[in-house]
Amino acid sequence: MSAPGVSRVQQIGEHAFVVLGYEPARQILSDRRACNNPSTAGVGEDPAHNGRGVSMQVCDGAQHTRLRAMIAPALSPKASDAIIAGMPAHAEALLAELGEHGSGDLIEDYIAPLIRRGIGRLLGIPEDDQARILVIAEDSTVADETGAPAADALYDYMSALVRSKIEHPGDDLCTELARALTDGRIDEAEAFGTATLMIIAGYDTTVGFLAMAALTLLLTPMLRQQLVADPDSNPIVVEELLRFITPTKGVWTRFATSDIEIDGTTIPFKSQIIVDLMAANRDSSRFDEPDVFNPARNDDKHLAFGYGTHFCPGANSAKRQSLAALNALLPRMESMELSVPVSELQWHQNRFSRRPLTLPVTIQR
Ligand code: HEM
């Protein structure tokens with residue numbers, strides 16, 4: 001990735017640059033001159049006017065800090081305990097059912113329902129709506145003709161959900177947003193935009209990571225055997241899987257509010273900046289043999305959750321959920337195999353992530 005003489009910051013369009021290396025990525029992601037709201041750099045409309053709300057992902061400074069603080073209690077380790085506590089039993093039940101059938105789809109029958117329940121509880125989405133809304137949430141991230149209508153439908157649903165919590169409060173994040181709305185600490189666009197961001201940021205990413213992790217493990221039986229023999233190593237395996245897979249391949253676009261010099265390249269004022277997290281996590285100047293999956297490197301300073309002020313606030317929860325899912329899955333994988341060749345797998349892709357659409361497996365009884 002970092003061949004001598006090749007800059008790790010490349011121009012990819014008239015006003016667009018991509019940052020590829022580990023250190024340059026950390027620099028740009030902690031540089032306040034690279035902002036998230038295009039209108040701050042004078043290069044586009046304020047996202048507040050797009051009709052789908054405002055979220056922390058597209059704002060900077062005091063507004064960003066205020067919106068982040070609003071979701072922080074719901075993602076604290078203590079609040080996550082309640083979600084994680086129910087996961088092992090749910091995981092066992094789903095895997096037992098899959099085992100009884102003798103075959104199934106590891107995503108639809110295991111990963112998706114497991115993660116769905118957690119994000120559903122976090123946000124206070126009624127159980128009967130969860131499956132339908134999360135399909136819409138996934139569709140909303142795809143850049144084809146289904147994307148825009150799904151994004152509108154999702155925003156409408158989350159707006160109505162937050163409004164409904166004013167009359168019917170629960171113990172969930174949408175209730176918190178409804179309270180903040182009633183108290184005037186947040187406006188409607190911010191409350192609805194935040195609820196919509198949380199469902200997309202929390203679900204698609206974690207399901208995508210676990211799907212890619214399961215595929216990696218299905219294809220490496222020797223690694224699986226090692227992990228089953230030494231389950232205490234699972235937390236560092238999760239870190240290495242996060243680096244190796246990098247489920248969110250890039251961050252939200254940044255915009256230069258002045259000329260920014262980085263890795264010997266000047267990114268001019270008003271440029272768009274894309275940070276390639278996948279490339280940063282495979283940068284040989286930071287990771288020895290970066291293309292080798294090697295849990296023994298025991299290194300959690302990868303950039304799979306970004307860096308700087310927009311660092312993923314759900315990172316801790318995502319790691320704990322992933323660990324619970326893999327702890328239950330790994331011992332069962334001994335009798336599991338992919339039932340189609342890898343080349344026949346179909347893929348779900350959007351601007352930020354990619355994962356197999358399904359993971360058909362057969363289970364020996
Ligand atoms: C494996 C799972 C996950 C991955 C790989 C991931 C990755 C990321 C990355 C790379 C960013 C930074 C984006 C940027 O700088 O523009 C981010 C931001 C964010 N993530 Fe995650 N995420 C995951 C799970 C979650 C979960 C479970 C939640 C919440 C339930 C969550 C909520 C958010 C939010 C709200 C932001 C925006 C933060 C901000 O702009 O200040 N994520 N995530």
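Please refer to the structure placed before this passage.
Described below are features of the structure shown in this document. Just so it is clear, the model here is predicted, and its values are computed rather than measured.

### Some thoughts on the overall build of the protein chain
Along the backbone of the protein chain there are 13 helices and 12 strands. Against the compact-globule benchmark of 21 Å for 365 residues, the protein chain has a radius of gyration of 21 Å, which places it among compact chains. Overall, the protein chain is about 60 × 60 × 40 Å in size when its C-alpha atoms are taken along their principal axes. Within the protein chain, the proportion of its 365 residues that are buried is 43%. In the protein chain, 70% of the contacts between residues at least 6 apart in sequence involve partners at least 24 apart.

### Focus on the sheet that holds strand E9 (residues 336-338)
Sheet strands line up and pair through hydrogen bonds in the backbone, either parallel or antiparallel. Taken together, the 3 strands give an open sheet; going across it, the order is E4-E12-E9, and neighbouring strands pair in antiparallel fashion. Looking at the sheet topology across the chains shown, the edges are occupied by strand E4 (103-105) and E9. Between one strand axis and the next, the sheet turns by 30° as a mean value, whatever way the strands run. Running at roughly 60° to E4, helix H5 (residues 106-123) makes contact with E4 and strand E12 (360-363) of the sheet.

### Section: unusual backbone geometry
Trans peptide bonds make up the majority, and among non-glycine residues the majority have a negative phi. One non-glycine residue with positive phi stands out, namely lysine 270, at about 80°. Locating lysine 270 in the fold gives a position in the loop between strand E7 (265-267) and strand E8 (272-275). For asparagine 298, which is not glycine, the phi dihedral falls at a positive 45°. With respect to the helices and strands, the residue asparagine 298 is situated in the loop between helix H12 (277-281) and helix H13 (315-332). When the 11 C-beta atoms within 10 Å are taken as the criterion, asparagine 298 is described as exposed.

### Considering the nonpolar core
Grouped together as the largest cluster of nonpolar side chains are 99 residues, with contacts concentrated most on Ala25, Ile111, Leu123, Val162, Ala195, Ile273 and Ala325. It is helix H9 (residues 188-218) that provides the largest number of residues to this core, a total of 16 residues.

### Describing the site of the ligand
Lining the immediate surroundings of the ligand are 25 residues, of which Gly202, Val251, Gly306, Cys312 and Gly314 lie closest. Per-element tally for the shell around the ligand: the top contributor is H9, with 7 residues. Looking at the shell around the ligand residue by residue, the classes come out as 15 nonpolar, 9 polar and 1 charged.

### So, the pairing of E8
As judged from the 4 bridges shared by strand E2 (residues 16-19) and E8, these two strands associate in the parallel manner. Bridge assignment links valine 18 to a residue of E8, and that residue is isoleucine 274. Pairing analysis gives 2 bridges linking strand E5 (residues 254-256) to E8, with the strands arranged antiparallel. Its bridge partner being in E8, arginine 254 is matched across the sheet by isoleucine 273.

### Let's talk about the packing of helix H8 (residues 173-183) against H9
Contact pair H8 / H9: the axes reach a minimum separation of 9 Å and the direction vectors enclose 170°. Here H8 is positioned roughly antiparallel relative to H9, judged by the angle of their axes. In this structure, H8 contributes Leu173, Cys174, Leu177, Ala180 and Leu181 to the contact, and H9 contributes Glu188, Ala191, Thr194, Ala195 and Met198. Its residues assigned to classes, the contact of H8 with H9 comprises 8 nonpolar, 1 polar and 1 charged.

### Quick word on the sheet that holds E8
Strand order in the open sheet formed by 5 strands is E1-E2-E8-E5-E3, with mixed pairing between adjacent strands. Among the strands making up the open sheet, the edge pair consists of strand E1 (9-13) and strand E3 (34-35). As judged from the 2 bridges shared by E3 and E5, these two strands associate in the antiparallel manner. Considered in E5, the bridge of alanine 34 is made with alanine 256. Against the sheet, helix H1 (residues 22-29) contacts E1, E2, E3, E5 and E8, and its axis sits at roughly 130° relative to E8.

### Structural notes on helix H11 (residues 234-245)
The end-to-end C-alpha separation of H11 is 16 Å, in line with the 16 Å expected for 12 residues at 1.5 Å each. Among the residues making up H11, those that are buried are Val237, Val238, Glu240, Leu241, Leu242, Arg243, Phe244 and Ile245. Where the residues of H11 are buried, they touch H9, helix H10 (221-229), H12 and H13. Directly beyond the C-terminal end of H11, a positive phi value near 45° is found at threonine 246.

### Points about helix H7 (residues 147-167)
If you check H7, its first and last C-alpha atoms are 31 Å apart, about what 21 residues at 1.5 Å a residue would give, namely 30 Å. All of the buried residues in H7 are Ala151, Leu154, Tyr157, Met158, Leu161, Val162 and Lys165. Angularly, the buried residues of H7 cover 130° about the axis, an arc narrow enough to put them on a single face. Exposed residues lying more than 90 degrees from the buried face of H7 are Pro149, Ala160 and Glu167. On its buried face, H7 is in contact with helix H6 (127-139), H8 and H9.

Basis of the calculations
- Residues numbered from 1 in each chain as written.
- Predicted model: local features only at pLDDT ≥ 70, side-chain atom pairs only at ≥ 80, totals over all residues.
- Helix = DSSP H or I, 4+ residues; strand = E, 2+ residues; numbered from the N terminus.
- Rg over C-alpha atoms; globule rule 2.2 N^0.38 Å.
- Buried ≥ 20, exposed ≤ 12 C-beta atoms within 10 Å, placed from the backbone.
- Contact = placed C-beta atoms within 7 Å.
- Pairing = 2+ DSSP bridges.
- Axes fitted to C-alpha atoms, helices over the stretch in contact; angles between N-to-C directions.
- Core = buried A, V, L, I, M, F, W, Y, C linked by C-beta atoms within 7 Å.
- Near = placed C-beta within 6 Å.
- Nonpolar A, V, L, I, M, F, W, Y, C, P; charged D, E, K, R; others polar.
- Parallel < 35°, antiparallel > 145°, perpendicular 65-115°, else oblique.
- Expected span 1.5 Å × (residues − 1).
- Arc of directions from axis to C-beta.

Limitation: the analysis is restricted to geometry and does not speak to function.
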